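Here are the chains, one letter per residue:
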Amino acid sequence: MALPRIMKDFNAFGDGNNWQGMIPSLTLPELARRMVEYEGGGMDGPVEVDQGQELMTMEWTAGGLLVDGLFDSFGSPVHDAAMLRMTGSYESDETGEVIPVEVVVRGRHKTIGMGEASKGDNNTISVTTTISYYKLTVDGEEIIERDVPGYVFKVRGEDRLEKRRRALGL
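A brief structural summary. Just so we're clear, the structure is a prediction, and the values are computed from it rather than from any experiment.

**Considerations on the packing of aromatic side chains**
Thinking step 1. Inspection of every chain in the model, using the stated rule, returns one aromatic pair.
Thinking step 2. Aromatic pair W19 and W60: ring centres 5.3 Å apart, planes at 25°, arrangement stacked. One end of the pair, W19, is in the loop between β2 (17–18) and β3 (25–27); the other, W60, is in strand β6 (residues 56–63), with 41 residues separating them in the sequence.
Thinking step 3. Since its relative accessible area comes to 3%, W19 is described here as buried.
Thinking step 4. The positively charged end of R33 is found above the aromatic ring belonging to F153, 4.6 Å away from the centroid.
Thinking step 5. A cation over a ring is seen here: R85 above F13, with NZ or CZ 4.5 Å from the ring centre.

**Details of the nonpolar core**
Thinking step 1. Formed by 25 residues in total, the largest nonpolar core has its most connected members in W19, W60, L70, V105, Y134, L136 and I144.
Thinking step 2. If you list the elements that add at least two residues to this core, you get β6, β7 (82–91), β8 (98–113), β9 (124–138), β10 (141–147) and β11 (152–155).
Thinking step 3. In terms of residue count, β9 provides more of this core than any other element does, five residues in total.

**Let's talk about unusual backbone geometry**
Thinking step 1. The backbone of D139 sits at a positive phi, close to 50°, despite the residue not being glycine.
Thinking step 2. As for its position among the elements, D139 is in the loop between β9 and β10.

**Overview of the pairing of β9**
Thinking step 1. Of all the 15 residues making up β9, twelve are buried; the element is thus mostly covered by neighbouring parts of the structure.
Thinking step 2. Pairing of β6 with β9 involves eight bridges; the strand directions are antiparallel. Residue M56 lies in a different strand from β9, and its bridge partner there is I131.
Thinking step 3. In the sheet, β9 pairs with β10 via six bridges, with the strands oriented antiparallel.

**Looking at the pattern of salt bridges**
Thinking step 1. What the rule picks out here adds up to eleven salt bridges.
Thinking step 2. For R85, the salt bridge identified is with E102, shortest N-O distance 2.6 Å. A residue pair is termed long-range when its members are at least 10 positions apart, and R85 in strand β7 and E102 in strand β8 qualify at 17 residues.
Thinking step 3. K154 serves as the salt-bridge partner of E145, at 3.9 Å between the closest nitrogen and oxygen.
Thinking step 4. Look at E145 and you get buried, because its relative accessible area is 15%.

Rules and cut-offs
- Residue indices begin from 1 for each chain and proceed along its sequence in written order.
- Totals for whole chains, interfaces and linings use all residues, but because this is a predicted model, local features are given only for residues with pLDDT of at least 70 and pairs of side-chain atoms are given and counted only at 80 or more.
- Only hydrogens and water are set aside; all other atoms, that is, all heavy atoms of the structure, feed into the side-chain values.
- Two rings belonging to Phe, Tyr or Trp (six-membered ring only in the last case) form a pair when the distance between their centres is within 6.5 Å. Interplanar angles under 30 degrees mark stacking, angles over 60 mark edge-to-face geometry, and anything in between is tilted.
- Helix and strand assignments follow DSSP, with helices taken as H or I runs no shorter than four residues and strands as E runs no shorter than two, numbered in order from the N terminus.
- Three exposure classes are used, based on accessible area relative to the maximum for each residue type with a 1.4 Å probe and protein chains only: buried under 20%, partly exposed in between, and exposed over 50%.
- The criterion is that NZ of a Lys, or CZ of an Arg, lies within 6 Å of the ring centre and within 35 degrees of the ring normal, and then a charge sits over that ring.
- Nine residue types can take part in a nonpolar core, namely buried Ala, Val, Leu, Ile, Met, Phe, Trp, Tyr and Cys, and a core is a set of them joined through side-chain atoms within 4.5 Å.
- In short, DSSP must find at least two bridges between two strands for them to pair.
- Put simply, a salt bridge is a Lys or Arg side-chain nitrogen that is within 4 Å of an Asp or Glu carboxyl oxygen.

Here it is in structure tokens:
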């Protein structure tokens, strides 16, 4: 019988601040490609043509209100003013093996929902961050790296935009 590796715990960091215990949940960015249908003469049907990466966002929740550094980059004119890092511990209940996972993103906080505040309640705020840089590392291996302004898209070390950059003189 095979069991999946389960995330047993995670930690979050924002702009170098350790947010241990302050982030109860987060939704990792979806990896999605922007596809456009194309059908030309002599074709029996359409194919989808890859037009690049969809806009990535990350949604997360912070406990309380005073999260170190959260508001510092809000409204920044710089596309990658905020850096978020999530480290996770995925474990096998079959072997006990622990696999570290790290997601690093850079972008801007698009929304900060201040939520409801009430006396003695576990108040939370919700944040949506748009992403211009993303890197997924599993057990020390870089799986995906995406740098939109740098025109870099790597999958397991293969830079899938290298030839295009060369063709464009970049």
